[in-house]
Amino acid sequence: MDSIIKGGTIVTAYEKYVADIGIKDGKIVTIGANLTSNGNTEVIDATGKLVMPGMIDGHVHLSLPFGGTVSADTWITGTRAAAAGGVTMLIDFAIQKPGDTLVETIRKRREEADGDVYIDYGLHGGIAKWTDDIKAEIGPMCRDGVTSFKMFMIYRNEGWLSTDPSIIAGLEETKKHGGMIQVHAESMDLIDSLQTAHHNEAEMKEHGAYLHTMTRPNATEFEAVQRAITWAEYTGGTLYFVHLSTKESADMVRQARKKGLNVIGETCPQYLYLDDEKFRGENGHLFGTCPQIKKPEDGEKLWEALDDQSLSVVGTDTCTFNTEQKALWKGDFTKIPFGMPGSELMLPLLYEGVSEGKINLHRMVEIGSTNPAKVFGMYPQKGALLPGSDADIVIFDPEKEMTVDYRDMETNCDWSPYQGKTMKGVASMTLLRGKIIAKDGKCVGGQGYGQFIKRGPSGNFVK
Ligand code: URP
Ligand code: ZN
Ligand code: ZN
């Protein structure tokens, strides 16, 4: 064996027990008591620590041209940050420029990433304009390891807005090929009309960034989620809701799943921990994200939905903009570059939910690793601690405290939505395919060691 992780408490989505893990050629080869080493075996002492499958952040945007600028975490800094936080794989998006083929879009995105990434990565296709040619690419894409495709119900200005019939067609086509449509569900028409009503100097002066939240009430998500669920029922396709932010969405996904529809829901730490009071005050615009953060009650209901298996995945929607980029808003709430840093704090924030009794430890591993691996077609290569799985492992110290300070972090962001928050429980070591890539909050891996992961069918049933 190349290495043994000794004496840790193994925690998976299903089990918790003390054992050693033996690793060879990047894979877990054995799990058992008192594994013995030879002279060349590296022994990693995990006594008193939790040993879990590495987190999989299924929703990330690195170096994304968006909102008049480019997101600040690059393939280098974003994957270093993820590694430091205990994330061993992320899935980014290759969003089509209208007119470009999906094959070309994926090829270009891979060209940017390969050689830079510190952790493994996959790509979701992002469909800006549905055409017969794009339809014809879905089958080959799915056979070639890209099995999930995001379509947007907003972002007219970015050129990404899909029509309702095109999302219906997307659900029908992906269904034939073991694929899945991911939907950004917010109502463009409702947001347009609210923004028109409030986009005037007097209100911008009075409310500042708070107008962002005033023009995106829960109904803007509700209306879109409701429509998309109708399409899932009509087509029988698999529908994955990205970044759900409201209690109403949690309820609708719960009901849809009770009816037996193939509907899967994701939420993000910002909707669990932050609320729209953040938009008040001088730095309120920093928190601008899309959908925007809602009320504390929404956060509570989203936790409940994660716990009762109505929502199945937590991804971070990392889309980092630093203070200089956020300043592009210049007092106009419609011009905030939307997004925030995320992957590096994904695991400690999830563990905070365990400490607070919102979810149990197994559910944490399930929604942060095993479910993304299953739903995006990578299980049990990823998201599992089993003989034959990739040795993607986080060794987690549940007793260690940390206080968030962006200056100590790997992210390329000069602020943090959680600045000053003290949390108990941090990653002390991250291994990717058997190699140590982070220690004590710092990335020690190799640039380009990360690999592109071709995925199997998406949309597998997850609790
Ligand atoms: O504010 C966000 N979420 N920015 C990234 C783009 C998206 O919609 O996921
Ligand atoms: Zn989105
Ligand atoms: Zn996103």
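Higher on the page you've got the structure.
As the structure is a computational prediction, the values presented were derived from the model and not from experiment. (Residues numbered from 1 in each chain as written. Chains lettered and ligands numbered in written order. Predicted model: local features only at pLDDT ≥ 70, side-chain atom pairs only at ≥ 80, totals over all residues. Heavy atoms only, no water.)

Focus on the overall build of the protein chain
Looking only at helices and strands, the protein chain has 14 helices and 19 strands in total. A compact globule built from 463 residues would reach a C-alpha radius of gyration of about 23 Å, and the protein chain, at 21 Å, matches this within 12%. Considered along the principal axes of its C-alpha atoms, the protein chain spans approximately 70 × 50 × 40 Å. A total of 463 residues make up the protein chain; the buried ones form 62% of that total. (Helix = DSSP H or I, 4+ residues; strand = E, 2+ residues; numbered from the N terminus. Rg over C-alpha atoms; globule rule 2.2 N^0.38 Å. Buried < 20%, exposed > 50% of the residue type's maximum accessible area, 1.4 Å probe, protein only.)

Comments concerning the site of ligand 1
Close contacts around ligand 1 come from 13 residues, with Lys150, Tyr155, His184, Cys290 and Asp317 the closest. In this structure, an oxygen atom belonging to ligand 1 sits 3.1 Å away from a side-chain N or O atom of His61. Relative to its free-state accessible area of 270 Å², ligand 1 is covered by the protein chains to the extent of 100%. With respect to the detected pockets, ligand 1 is housed in the second largest cavity. Tallied by class, residues from the shell around ligand 1 come to five nonpolar, six polar and two charged. (Near = heavy atom within 4 Å. Polar contact = N/O pair within 3.5 Å; in protein donor to acceptor, adjacent residues only side chain to side chain. Areas by Shrake-Rupley, 256 points an atom, 1.4 Å probe, with all protein chains shown as cover. 1 Å grid on protein atoms, 1.4 Å probe; cavity = no way out; pocket = protein on both sides within 12 Å on 5 of 7 lines; lining within 4 Å. Sits in = over half its atoms within 2 Å of the grid points. Nonpolar A, V, L, I, M, F, W, Y, C, P; charged D, E, K, R; others polar.)

Brief notes about the pattern of salt bridges
Under the defined criterion, the tally for this structure stands at 33 salt bridges. Taking the shortest distance from any N to any O, the salt bridge between Glu410 and Arg80 comes out at 3.1 Å. Residue Glu410 is found in the loop between β16 (393-403) and β17 (422-432), and its partner Arg80 is found in helix α1 (residues 75-85); the two are separated by 330 residues along the sequence. In this structure Glu410 comes out as buried when scored by relative accessible area, which is 13%. One salt bridge connects Arg363 with Glu366, and the closest N-O pair in it is separated by 3.0 Å. With Arg363 and Glu366 both in helix α14 (residues 361-375), this residue pair falls three residues apart, about one helical turn. Across this residue pair, the class does not change: Arg363 and Glu366 are buried. (Salt bridge = Lys/Arg side-chain N within 4 Å of Asp/Glu carboxyl O.)

Brief notes about the coordination of the zinc ion (ligand 2)
Within the protein, Lys150 (NZ), His184 (ND1) and His243 (NE2) serve as the donor atoms for the zinc ion (ligand 2), at 2.1 to 2.2 Å. The metal-metal distance between the zinc ion (ligand 2) and the zinc ion (ligand 3) is 3.9 Å. Of this pair, Lys150 sits in strand β11 (residues 148-152) while His243 sits in strand β13 (residues 239-244), placing them 93 residues apart in sequence. For Lys150, a relative accessible area of 2% translates into the label buried. On the basis of relative accessible area, His243 is assigned to the buried category, the value being 1%. (Donors = N, O, S within 2.8 Å, 3.2 Å for Na, K, Ca; no water.)

Focus on α1
Across the eleven residues of α1, nine count as buried, placing the element largely inside the fold. Where α1 ends, the next residue or the one after it, Gly86, has phi of about 100°, a positive value.

Overview of the coordination of the zinc ion (ligand 3)
On the protein side, the zinc ion (ligand 3) has His59 (NE2), His61 (NE2) and Asp317 (OD) as donor atoms, found 2.0 to 2.1 Å from it. Viewed at the metal, the four donor atoms of the zinc ion (ligand 3) are separated by angles of 89 to 135°, and the geometry they form is irregular. Between the donor residues of the zinc ion (ligand 3), the gaps in sequence give the motif H-x1-H-x255-D. For His59, a relative accessible area of 0% gives the class buried. You can call His61 buried: its relative accessible area is 5%. (Tetrahedral: all angles 85-135°; square planar, octahedral: opposite > 155°, others 65-115°.)

Brief notes about the side chain of Ser166
Mapping Ser166 onto the fold places it in helix α4 (residues 164-176). Other than its neighbours up to four places away in sequence, Ser166 contacts Trp130 and Met151. (Contact = heavy atoms within 4.5 Å.)

Regarding empty space enclosed by the protein
Overall, the coordinates contain two cavities of 30 Å³ or more when judged by the stated rule. Put simply, the largest cavity is a space of about 150 Å³. What lines the largest cavity is a set of 21 residues, among which Pro341, Gly342, Ser343, Glu344 and Leu345 lie closest to the centre. The element that contributes the greatest number of residues to the lining of the largest cavity is helix α13 (residues 343-355), accounting for four residues. Residue classes in the lining of the largest cavity are distributed as ten nonpolar, nine polar and two charged. Each pocket or cavity is described by its volume, and for the second largest cavity that value is around 100 Å³. Lining the second largest cavity are 16 residues, with His61, Phe66, Tyr155, Cys290 and Asp317 positioned closest to its centre. When the residues that make up the lining of the second largest cavity are grouped by side-chain class, the tally is eight nonpolar, six polar and two charged. (Points joined across faces, edges and corners; volume = space filled by probe spheres on them.)

Section: unusual backbone geometry
The step from Cys290 to Pro291 runs through a cis peptide bond, and the omega angle for that step is 5°. A cis amide bond links Tyr379 with the next residue in sequence, Pro380, at an omega value of 0°. On the secondary structure map, Pro380 appears in the loop between α14 and β16. Residue His243 is not a glycine yet carries a positive backbone phi of 30°. Although it is not a glycine, Asp317 adopts a positive phi angle of roughly 55°. Mapped onto the secondary structure, Asp317 falls in the loop between β15 (313-314) and α12 (323-326). By relative accessible area, which is 6% here, Asp317 ends up buried.

A word on the side chain of Asp20
Tracing the chain through its elements places Asp20 in strand β2 (residues 16-24). Of note is the side chain of Asp20, whose polar atom sits 2.9 Å from the backbone nitrogen of Gly7. Polar side-chain contacts of Asp20 include one of 2.9 Å to the backbone nitrogen of Leu35. Sequence-distant contacts of Asp20, that is, excluding residues within four places in its chain, are made with Ile4, Ile5, Lys6, Gly7, Thr30, Ile31, Gly32, Ala33, Asn34 and Leu35.

The analysis is restricted to geometry; functional conclusions fall outside its scope.
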